[in-house]
Structures are given as C-alpha cells and as structure tokens.
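A look at the structure
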Amino acid sequence: MAKERRLKGIAVSKGIVRGTVFIFETKKIEVFQTPILSIYIRKEIERFEKAIKQTKRELMSIKERINQEIGADFAQFLDAQILMLEDKEIINTVKKNIKDEKKNVEYIYHKVLSNYAEKLGAAKTLYLRERVVDIWDIGMRVIRNLMGLTHSSIVEVPKDSIIIAHDISPSDAALINPSNVLGIAIEVGGQTSHTAITARALEIPAVLGIEGLLNKIENGEVVIIDGDRGILIKNPTRGRIHFYEEAKKKELEFEKTLSPYCELPSKTQDGRHIDISANIEFFAEYIHARKYGAEGVGLFRTEFLYLTRRGNPTEEEQYRVYDTLAKRMKPQPVIIRTYDLGGDKIVTDYHEANPFLGWRAIRVGLDNPDLLKIQLRAILRASANKNVKIMFPMISTYEEIRRVNFILKKVMEELKAKGIEFDDTLQVGIMVETPSAAIISSHLAQQVDFFSIGSNDLTQYTLAVDRGNEKISQLFDHFHPAVLRLIKNVIDAGHDAHIWVGLCGELASDPLAMPILIGFGIDELSMSPISIPKVRMVLRALTIPQCVEISEEALGFRTALEVKRFLRRTIHKKFPSIEMVVRKRGEKNE
Amino acid sequence: MIKKKVTILNEHGLHALPASRFVKHAEKFKSEVKIIKDGIEVSGKSIMGILTLACEKGCTVIVICDGKDEKDAMRDLSKILEGQD
C-alpha cells in the first residue's frame, strides 16, 4: 500500500470527512486543428449544431437547479450565457468559416470566440472585460461537447466527493451542492477568500492554500480532509482512518448534547437575556439560522450579491433578496450591512498597496453615492416589513457617520415623496471595527441606534497584524488586553448613550470570551449559525455578578496568554458544566 | 429605415444583463436591428456583438431599425438603452 502523506494547508472550515477526489479543473483544453474534405463540411456543421443544442440543455438544467436551490436572482447570469451560446452572428460566422477554411469546427469555433474575447478583453469597464470569463465558460463547454469530453462542472459533482482544485471562482462557489460535496481542498486562498466563506456557510469542511496540490492528488482516490487542523491526508493508514472515525463519533455525540440548546431561551442562569443571532452571507443560510435557533440575523453581508452578479445588482434585484429574507425571518430582526467591498471590485484597474488600510467599505460608498443610494433604497423598501435594521461598515470618523446619515435621510425623503412604503423608525447602526471608532464611540453613539463590534477587524487594526500572514498570524489574538479594553469602552459608551451594543466577530462564538463579554454588558452576540447552540449552552451556565467580577479581573492582566489562563482556571473552578465546550475550543484553536 | 442617437445611462455601461434584455427584445421584431458605435456596426440581435462594442456609461450609439415594425422596435429598444439598470 502506498505511503501515507499529509498535505498541510490553512484550516478554514471545520469538520472531518473521508471521500473520493473530484478534480475540478478550469484549465483550457488544447484545441486541435485538422483539414476537412469538402464532402464532410455538412457533417461538420451538423456536429456543431448538435453540440450547441446539447450545451443549451446543460445550461438550462443548471439554471433550473440554481432557480430551485439558490433563487431565481442568481440564475440570471445563465440567461446571458444562453444568449451568448445561441448568438446568431457567432453561429453563422462559424458555419461560414468552416465552409471557407475547410477546417474542423473545434478549431474554427475557438478562433471565432478568441476574436470576440480579445475585443471584449480590451474594454475599459471591468464588467465588460469580465464577460470574457463567460465566453470561455460557454465556449469550452461547447468544445468539450464536440470532443466528447466530460465536464468538470461543480454542479455535476458526484455524491460523496471531495473537490480538489487550483481555485474556485465566486460564481462556481455559488453552485456548490452541499448534499454531494463532502469536503474542499484548493491550492490558493485563505481565511477570508470566497471559497472559505462559502465552505463555512454550507458547513463543508475545507482546507485551503495547499501548494502543489494538483500534482499530488489524482481523480478518484480516497482522501481525508481534516478541516479542524487544516490537513489533507493521502493514502490514510488503517490506524488513521480509525482515529478519524472515532473523532467523528465524538463530534456527533457532542452535537447531540448541544442540540437541545437550539431551542432553549438565551438567558443567563440568573435570567438576563442576551440576543444570540446569526451572521449570514447567502440568502439561503437563513435556513441554518432557523435550524440552530438564532434570534434574528445580526449581520447580513451583502457583498455576495455584488460578487456573484459580477457587478452592482439593481435596486429591484436587491430589494427582492432583502425583502424575502425579512419575510422569512419575521418577526425576528434582520440587520443588513451595506457593501463591505474593496475598491478593486468597483473600479477597473484599481490597485492599492494596502487594501485593508485603503479605499473600501463605506469609504467607497461615500465616494460613489449612487451605488450606496441604490442599496439604501432597496433596504428601506424591505424595511416595510418592520423588522429590518441598517448597518454601515468600517466607520472610522464622526464625519463619515454624519455624511452617511445625511444620504440616508435624503433617500428616505425621496421615497416618501414618491409614496413608497418603508419603516421610518428603522434602527441605523455602525460596525465598530477600527480603533478610532472604538475610541471615539461616545461621540459616534450620538448619531446611531446601535453598535456592532466587528472583533476580527478591530483586533487586526488594533494589533497591526494581518492574520493572513503566516509569519505573524500568531500575534493575532482577540484576548489581547488592548482589544478587550477597546471593547469595554465601546459597550460603556453605547450604554451611556442608551443604545444597544452587539458583537459580530469570531469572539462572539468563543466560549472562553463569554464571561468577559457578558460581564462587560454586551446586549447581542452574532455568529455563524452552527455556533449558536454551543454559545447558548455556555450562556445558560453563567450569572451576571460572576461575569462582572471575571471581566473586571481580566482587565488587569498584561498579556493575552495571562487573560486566557485566568479564564480557563476560573471556568474550571466555577463553571465545570461548560468546561467540555471550553476544552474543545482549546483543542481546535490552539 | 429609422436611425436614432441614444446615450447609455446605465452605471456600468451596456453590460450583460441589459445587453441580454436588448437582444431578447430585438428578436421579437421582424426588423433588422443594428447598433453603431465609433464607426463599428454590429447586429442588435447578437449579444456578443453588442458586448464587444464596450458601451460605457455616457457613450453615444446609433440604433438603426429597418423593417415593417421599425417604429415599435425603436421605441422599445431605445428605452432599454436609456434605462438605468
């Protein structure tokens, strides 16, 4: 038997799975060229027509699937693809060229498409240039059909597969079918890449950033993906398989003990209620939110709408998504955050040395008020459901929130003038994720109805650590005393101004952080839906006076390590019932 | 045959969605439909042709409709080009 090999990558989505490798390649096929005898020209043209028809059937069935599983809005790009496929100009040019040049259809078709792709690739607008991807998407599908090759389409992945790829584009990621895909491993990407977010959203274990992966793995082999430790195991030994089966069993048992907490109230032992809500990225995740007992959507990220559409969705398209989400979650609240996009997604040829310190999120929105207004109109219209709140990302100055509020007010006036219904009492909040916002939160609190602390970015900016950088990622620690002090400052400032304060970073689902956050007086915690039962279990074991005492003592320590040691000790002594959850955290995160 | 100058108002130019809407509408008419930009002429019934014109926001194109239903076609199609989404 072949020797076992462990391929190390970045753990981005938890869980352990064993499955069959399905290599998803977007590599171009070599298109061959061969002369055709005049008598076979008709046959060649028939072959072309057949391939177009077959391709159309395939695209229609993909469209049908997306329609059913993700929503009609997401299937629109396929309409454009079908039109491109059936474009008469292209079809007629190909037929004519086959007659004139007497070459095989694969070669002629490829050449005609290259011509269009080249013209489109020269366009100044990014959206138009990106259509080149569509041209080759369809073109290669047709050529593969002509050559009798099978497609390695992500939609058609067989059951129990582990997807192995160099990369997965956002539009492909949107098509991943969680009932067939057990795990994902790709060569590029990190924690915040689209594949990572998708994998977490769909609860598919994933390991990213494995260099040279495609050279080491073959289609059809059986591998293990350990999404907790970030490794892929090739040719696992019998012992290893046994080890993982045991681990999986334990995992399932753990989930079973947690399952009652999907339904129990989110209350401390002494009766204080804390809202536990869900962070979601795709509309369809509201199902997870409900399944795990979320008390609302604490963060609906809207970037995905923009990225899958590869451009700004219209007001109507956005409205439909926001409105449906609000209706499905009713009466629970839904907090919709405006685009948190980097400038490179909005403007062609935009590069910057330091995107995290650059032109992004609300900064882009304020510079493109039309873009922002379309989104605000869509959110406001959805607020007619009376359970929608609006949130702005990456506020770092007082002027920004003033300007944003001004724009929002204008949009409201426009809607009112047109007689369009919306909730004029809807709450408006901001993400507090820059140290500057955290420090001047007492001023910002005068302008908003709530704060949501984005602990990941707040930690990254406070500690000046890019967690994606392996050399320094160990410095990223949200228990750093500086981060804890900022969080306390924000909560105090919020409460002094009588507004509520939530937290929606990873810290919200870290059981070790709970006594501190509760002690500080946090009102809401928002997290990935799967973490909800675990957090609720911890919450229900705590009492307010104990948490206040713990949080005060925690603030006295000098290092993140001291804080964590203290918390572990305290939980061991005072809350033995939740030690299991905390220890589990230790296994995975450190 | 009728000709009309139209300015593209869509924020992102004539991208895939409005272009596909244009083609779908153009196909409903018997008239021949052409779009000319900077001297380059493409069929209004070809999405690829339209996309390769790379019509950005603010640029002007000439739409030509030629056939029995040219008036209806022009009315319908120029509305799409002037649309905001």
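Source: prediction; values computed, not measured.

Moving on, we get to the overall build of chain B. Along chain B, the regular secondary structure elements total three helices and four strands. Scanning chain B from its N terminus toward the C terminus, one meets helices and strands in the order β-α-β-β-α-β-α. Compactness check: chain B gives a C-alpha radius of gyration of 11 Å against a globular reference of 12 Å for 85 residues, within 12% of the reference. When its C-alpha atoms are laid out on the principal axes, chain B stretches across 35 × 25 × 20 Å. Counted over contacts in chain B with a minimum sequence separation of 6, partners at least 24 positions apart contribute 70%. Only carbon and sulfur atoms are counted for the fraction: they give 49% of the accessible area of chain B, which is about 4,000 Å². Distance between charge centroids for chain B: 3 Å, based on 15 positive and 13 negative side chains.

Here the focus is the packing of aromatic side chains. Residue and element names in this part refer to chain A. Scanning the entire structure with this criterion turns up six aromatic pairs over all chains. Here the aromatic rings of Tyr 306 and Tyr 339 are separated by 5.2 Å at their centres, their planes lie at 70°, and the arrangement is edge-to-face. In this pair, Tyr 306 is assigned in helix H12 (residues 303-309) and Tyr 339 in the loop between strand S11 (334-337) and helix H14 (361-367), connecting sequence segments 33 residues apart. You can call Tyr 339 buried: its relative accessible area is 7%. Ring plane angle 5° and centroid distance 4.6 Å describe the contact between Phe 450 and Trp 500, whose orientation is recorded as stacked. Of the two residues, Phe 450 sits in strand S14 (residues 450-453) while Trp 500 sits in strand S15 (residues 500-503), which places them 50 residues apart along the sequence. Grouping residues by exposure puts Phe 450 and Trp 500 together as buried.

So, about the interface of chain A and chain B. Opposite the 26 residues of chain A that make contact, chain B presents 21 residues. Buried surface at the junction of chain A and chain B, both sides included, amounts to about 2,000 Å², of which 71% is carbon and sulfur. Our enumeration of links across chain A and chain B arrives at two salt bridges. Of the charged contacts in the structure, one is a salt bridge between B:Lys24 and A:Asp79, with a shortest N-O distance of 4.0 Å. Inspection of the region where chain A meets chain B yields three residue pairs in polar contact (both at pLDDT 80 or more). The set of elements that each furnish at least two residues to the side of chain A that touches chain B consists of helix H2 (76-85), helix H3 (88-101), helix H4 (105-121), helix H5 (126-129), helix H6 (131-146) and H12 of chain A. Along the lines of polarity and charge, the residues of the side of chain A that touches chain B split into twelve nonpolar, four polar and ten charged.

When the parts come together, some accessible area is lost, and that loss is often what is quoted as the size of the interface. Each assigned domain of chain A is listed here: domain 1 (5-26 + 153-254), domain 2 (38-146) and domain 3 (263-589). Placing a centre on the C-alpha atoms of domain 1 of chain A and another on those of domain 3 of chain A gives a separation of 28 Å.

Mapped onto this numbering, the UniProt entry gives "active site" (unreviewed entry) at A:His194 and A:Cys504. Mapped onto the elements of the fold, A:Cys504 is located in the loop between S15 and helix H21 (514-520).

The subject of this paragraph is the side chain of A:Thr543. Residue and element names in this part refer to chain A. Within the fold, Thr 543 resides in the loop between helix H22 (532-541) and helix H23 (544-554). Looking at Thr 543, the relative accessible area reads 14%, which means it is buried. Side-chain polar atoms of Thr 543 contact the side chain of Gln 546, separated by 2.6 Å. The contacts of Thr 543, once residues within four sequence positions are left out, are Gln 269 and Asp 270.

What follows deals with the sheet that holds strand S6 (residues 206-208) of chain A. All names here are of chain A. Strands sit in the order S1-S8-S7-S3-S4-S5-S6-S2 across an open sheet of eight strands; the sheet is mixed. On the outer flanks of this sheet lie strand S1 (5-8) and strand S2 (10-13), each paired with one strand and no other. Geometrically, the sheet is characterised by an average inter-axis angle of 30° between neighbouring strands, direction not taken into account. One ladder, built from four bridges, connects strand S7 (residues 222-226) with strand S8 (residues 231-234); its direction is antiparallel. Across the sheet, the residue bridging to Ile 224 is Ile 233, located in S8. With respect to the sheet, helix H10 (residues 238-258) is in contact with S1, strand S3 (16-24), S7 and S8, its orientation differing from that of S3 by roughly 115°.

With that settled, consider the packing of H2(A) against helix H1 (residues 16-28) of chain B. Between two packed helices, what matters for the description is the angle formed by their axes and the separation of those axes. It is at 9 Å that the axes of H2(A) and H1(B) come closest, and there the two elements cross at 55°. Classified by the interaxial angle, the pair formed by H2(A) and H1(B) is oblique. The hand of the H2(A)/H1(B) crossing is left-handed. Across from A:Gln76, A:Asp79, A:Ala80 and A:Leu83 in H2(A), the residues of H1(B) making contact are B:Ala16, B:Leu17, B:Ser20, B:Val23 and B:Lys24. Per-class residue counts for the contact of H2(A) with H1(B) are five nonpolar, two polar and two charged.

Turning to unusual backbone geometry, a few remarks are in order. Between A:Lys330 and the following residue, A:Pro331, the backbone shows a cis peptide bond with an omega angle of 5°. Of note in this structure, A:Lys386 is not a glycine but carries a positive phi near 70°. Turning to its location among the elements, A:Lys386 is positioned in the loop between helix H15 (369-382) and strand S12 (388-392). According to the relative accessible area criterion, A:Lys386 is exposed, its value standing at 57%. One non-glycine residue, B:Ala54, lies in the positive phi region at around 50°.

As a further point, take the pairing of strand S13 (residues 428-432) of chain A. All names here are of chain A. In terms of burial, S13 is largely enclosed, as five of its five residues are buried. Across the two faces of S13 the burial is the same, with Val 428, Ile 430 and Val 432 and Gly 429 and Met 431 all buried. Summarising the sheet, S12 and S13 pair through three bridges and their orientation is parallel. Following the sheet pairing, Ile 390 is matched in S13 by Val 428. As a crossover connection, the stretch from S12 through helix H16 (residues 398-418) into S13 is right-handed.

Rules behind the numbers
- Residues numbered from 1 in each chain as written.
- Chains lettered and ligands numbered in written order.
- Predicted model: local features only at pLDDT ≥ 70, side-chain atom pairs only at ≥ 80, totals over all residues.
- Heavy atoms only, no water.
- Helix = DSSP H or I, 4+ residues; strand = E, 2+ residues; numbered from the N terminus.
- Rg over C-alpha atoms; globule rule 2.2 N^0.38 Å.
- Contact = heavy atoms within 4.5 Å.
- Areas by Shrake-Rupley, 256 points an atom, 1.4 Å probe, with all protein chains shown as cover.
- Lys, Arg positive; Asp, Glu negative; His and termini not counted.
- Charge placed at Lys NZ, Arg CZ, Asp CG, Glu CD.
- Phe/Tyr/Trp six-rings, centres within 6.5 Å; stacked < 30°, edge-to-face > 60°.
- Buried < 20%, exposed > 50% of the residue type's maximum accessible area, 1.4 Å probe, protein only.
- Buried area = accessible area lost by both parts, 1.4 Å probe.
- Salt bridge = Lys/Arg side-chain N within 4 Å of Asp/Glu carboxyl O.
- Polar contact = N/O pair within 3.5 Å; in protein donor to acceptor, adjacent residues only side chain to side chain.
- Nonpolar A, V, L, I, M, F, W, Y, C, P; charged D, E, K, R; others polar.
- Domains from an automatic or database assignment.
- UniProt positions renumbered as here; feature names shortened; annotations may be inferred.
- Pairing = 2+ DSSP bridges.
- Axes fitted to C-alpha atoms, helices over the stretch in contact; angles between N-to-C directions.
- Parallel < 35°, antiparallel > 145°, perpendicular 65-115°, else oblique.
- Left-handed = near helix turned anticlockwise from the far one by under 90°.
- Right-handed = clockwise from strand over helix to strand, strands pointing away.

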